[in-house]
Amino acid sequence: MKSNQESNRSVVGIDVAKDKLDFFTSRGALPKVVENDEASFKTKLGKKVKSFKDALFVVEATGGYGRQIVKWLQANDLDVAIVNPKQVRHFAKGIGHDAKTDPIDAKV
């Protein structure tokens, strides 16, 4: 059984591509798109991620393109889950999201 704290935990979805990352969070406060490089993480995410200490960041495993963001999030003491993009796609179809775009993938 989940504790009340776990059930209220926010989730940040990140769709990974070679050159960019699409973010989704219902809490706002993070940019929707960030370039996939450490300099952009520092300038565009920077201190904003500190308000997400309670969140779980869910990142696609995409042939290594997500490694930098995972390392950066972990270095900032944030919880990260790496998920199989194929399973995310199947889940999306199962809940009626047939369209495939990076923002939709981040949300799912």
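The model shown is predicted, which means the values in this text are computed figures rather than measured ones. (Residues numbered from 1 in each chain as written. Predicted model: local features only at pLDDT ≥ 70, side-chain atom pairs only at ≥ 80, totals over all residues. Heavy atoms only, no water.)

**Q** Any chance you could explain the overall build of the protein chain here in plain terms?
**A** Secondary structure assignment for the protein chain yields 5 helices and 5 strands. Secondary structure elements of the protein chain, listed N to C terminal, follow the sequence α-β-β-β-α-β-α-β-α-α. Expressed as a percentage of its 108 residues, the buried residues of the protein chain come to 35%. Expressed as a percentage of contacts within the protein chain between residues at least 6 apart in sequence, the contacts between residues at least 24 apart total 47%. Of the roughly 6,800 Å² of accessible surface on the protein chain, 53% is carried by carbon and sulfur atoms. (Helix = DSSP H or I, 4+ residues; strand = E, 2+ residues; numbered from the N terminus. Buried < 20%, exposed > 50% of the residue type's maximum accessible area, 1.4 Å probe, protein only. Contact = heavy atoms within 4.5 Å. Areas by Shrake-Rupley, 256 points an atom, 1.4 Å probe, with all protein chains shown as cover.)

**Q** Teacher, can you tell me more about the nonpolar core here?
**A** Nonpolar side chains in soluble globular proteins tend to end up buried together. Counting 19 residues, the largest nonpolar core has I14, F23, L45, F57 and I69 as the members making the most contacts within it. Elements supplying a minimum of two residues to this core: β1 (11-16), β2 (20-24), α2 (38-45), β4 (56-60) and α3 (67-75). (Core = buried A, V, L, I, M, F, W, Y, C linked by side-chain atoms within 4.5 Å.)

**Q** Teacher, can you tell me more about the pattern of salt bridges here?
**A** In a structure, side chains of opposite charge can pair up when their charged atoms sit close to one another. Scanning the model with the defined rule gives 4 salt bridges in all. Among the ionic pairs, E35 bridges to K44, the shortest N-O distance being 2.7 Å. Close ionic contact of K42 with E38 constitutes a salt bridge, the shortest N to O distance being 4.0 Å. Of the two residues, K42 and E38 are both situated in helix α2; the distance of 4 residues between them amounts to about one turn of the helix. (Salt bridge = Lys/Arg side-chain N within 4 Å of Asp/Glu carboxyl O.)

**Q** Got a minute to help me understand the side chain of T25 in this structure?
**A** Looking at the secondary structure, you find T25 in the loop between β2 and β3 (33-35). T25 gets classed as buried once you look at its relative accessible area, which sits at 14%. Once residues within four sequence positions are removed from consideration, T25 is found in contact with V11, V12, L30 and F52.

**Q** Can you walk me through the packing of aromatic side chains in this structure?
**A** Here a ring pair, both rings aromatic, is described through the centre-centre distance and the interplanar angle of the planes. All chains considered together, the criterion is met by 2 aromatic pairs. Relative to W72, the ring of F41 lies with its centre 5.9 Å away and its plane at 55°, an arrangement referred to as tilted. Of this pair, F41 sits in helix α2 while W72 sits in helix α3, placing them 31 residues apart in sequence. (Phe/Tyr/Trp six-rings, centres within 6.5 Å; stacked < 30°, edge-to-face > 60°.)

**Q** Is there a simple way to think about the sheet that holds β2 in this case?
**A** Sheets are built from strands that pair by backbone hydrogen bonding, the pairs being arranged parallel or antiparallel. Read across the open sheet, the 5 strands follow the order β3-β2-β1-β4-β5; overall the sheet is mixed. Of all strands in the sheet, those with a lone pairing partner are β3 and β5 (79-83), marking the two edges. The average undirected angle you get between the axes of adjacent strands in this sheet is 25°. In terms of strand pairing, β1 meets β4 through 4 bridges, oriented parallel. Across the sheet, V12 pairs through a bridge with F57, a residue of β4. The sheet contacts of α2 involve β2 and β3, and relative to β3 the element is tilted by about 140°. (Pairing = 2+ DSSP bridges. Axes fitted to C-alpha atoms, helices over the stretch in contact; angles between N-to-C directions.)

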